[in-house]
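A structural walkthrough
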Amino acid sequence: MKRVIVGLSGGVDSSVAAYLLKEQGYEVIGLFMKNWHDDSVTISDECPWLDDSNDAMLVADKLGIPFQTIDLSEQYKERIVDYMFDEYQKGRTPNPDVLCNREIKFDVFMKIALELGADYVATGHYCRKGTIKKDGEDIYQLLAGVDNNKDQSYFLCQLSQEQLSKALFPIGELTKPQVRDIATKLDLVTANKKDSQGLCFIGKVRLPEFLQQKLKPKEGVIVEIPKEKEIYTSVNPVFDSKEKELLYLTKKIDYAITDGTVVGKHQGAHYFTKGQRKGLAVGGTVEPLFVIETDVEENVIYTGQGKHHPGLYKRALFVSNDELHWVREDLALGVDQSMEVRARIRYRQALEKATLHKVDNGLFVEFENAQSAITEGQFVAWYLEDELVGSGVIS
């Protein structure tokens, strides 16, 4: 009998995942990960992880499976929180959920599970795993979940073949309403529980305050760049190579304070991210202001009016070799090769047509349509049909 360890988070998805595995004849053990100690930065008064671990315990009890809590807060701080501070300080915007899956759930947690004699680790993600044979070898596929509204394959875009080989996603074939339905029929305490928000496993964290503990506020100016600016209207030059054209398309515009007007003050450029609208506290504009660029060196935020401001849009992005990841290593591109894919630069974004171009020092992703707020530090993931084949950090 194969043993599976389920990461029970105290939510409805992992509860139902555990139930389905039991039904399929696996020996199931539930493990709750405690990843956070500091309650001073969570938004609600109740202590989220305590409620969650309690719910997870009640579910395990109801399903008649062994249950244990493990404390991973040290690894979480080291691998996720410190990394986030570091990225924000560089003016990049990290994605903690993608990292949490790569570094915690499918690494630290998986190693513990395997030490406990598990054959597999299971989570409540809305995605599916496929297996194909190629040259006599098993190759694992990361497939989108059946529920289009809830597909979470993007969050797992950094998993490796090794990690996928030991992973199970029992609810990937179901829709969210079906999952809630099963939980209701089983009378599980998590059946009507709201989906968790905020950092994975921490509950709602006030991110600015959370960051302010480490990143000191420093006052700077907010500059508004008019959309008529000549930097946006210049005609694209003619290029003698595809790579030069791609370099041009991905180039950051170097804004200067003199390009626009100072419209307000902020408490630190590192608290802001491209495409952000909230928190600027500048009134009196015809359309709301959006952040089009942050300069953490000079501590300046550049903004533009309206969500169609040309400063928000770009047609291509770049991923450097050391931040490039192929889930399907067998499909990895060699230098000068290209591939037609569909890609997304954030969770819940519809997949967009794009072409990958591999060059010496990395990979360009060129979109058919210009994309809004391509943000350094976030992940781009690309798909062939409904299979996620690779991803990378936007540089």
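Look a little higher up for the structure.
Considerations on the sheet that holds strand 1 (residues 3-7)
An order of 3-2-1-4-7 is seen for the five strands of this open sheet, with the pairing classed as parallel. At either margin of the open sheet sits one strand with a lone partner, and together these are strand 3 (67-71) and strand 7 (167-168). In terms of strand pairing, strand 1 meets strand 4 (residues 120-122) through three bridges, oriented parallel. Its bridge partner lying in strand 4, V6 is registered against A122. On the sheet, helix 1 (residues 12-23) packs against strand 1, strand 2 (27-34), strand 4 and strand 7 and is oriented at approximately 170° with respect to strand 1.

Concerning the side chain of H325
Its location among the elements puts H325 in strand 13 (residues 324-326). Within the structure, the side chain of H325 is placed 2.6 Å from the backbone oxygen of L159, a separation counted as a polar contact. Setting aside residues no more than four positions away along its own chain, H325 makes contact with C157, Q158, L159, S160, W382, G390 and S391.

Description of helix 6 (residues 176-185)
Residues K176, V179 and A183 constitute the buried set of helix 6. In a view along the axis of helix 6, the buried residues occupy a sector of 60°, so they form one face of it. Seen from the buried face of helix 6, the exposed residues on the opposite side, beyond 90 degrees, are P177 and K185. On its buried face, helix 6 is in contact with helix 1.

Basis of the calculations
Residues numbered from 1 in each chain as written. Predicted model: local features only at pLDDT ≥ 70, side-chain atom pairs only at ≥ 80, totals over all residues. Heavy atoms only, no water. Pairing = 2+ DSSP bridges. Helix = DSSP H or I, 4+ residues; strand = E, 2+ residues; numbered from the N terminus. Contact = heavy atoms within 4.5 Å. Axes fitted to C-alpha atoms, helices over the stretch in contact; angles between N-to-C directions. Polar contact = N/O pair within 3.5 Å; in protein donor to acceptor, adjacent residues only side chain to side chain. Buried < 20%, exposed > 50% of the residue type's maximum accessible area, 1.4 Å probe, protein only. Arc of directions from axis to C-beta.

Such coordinate-based values are descriptive only and should not be taken to indicate function.
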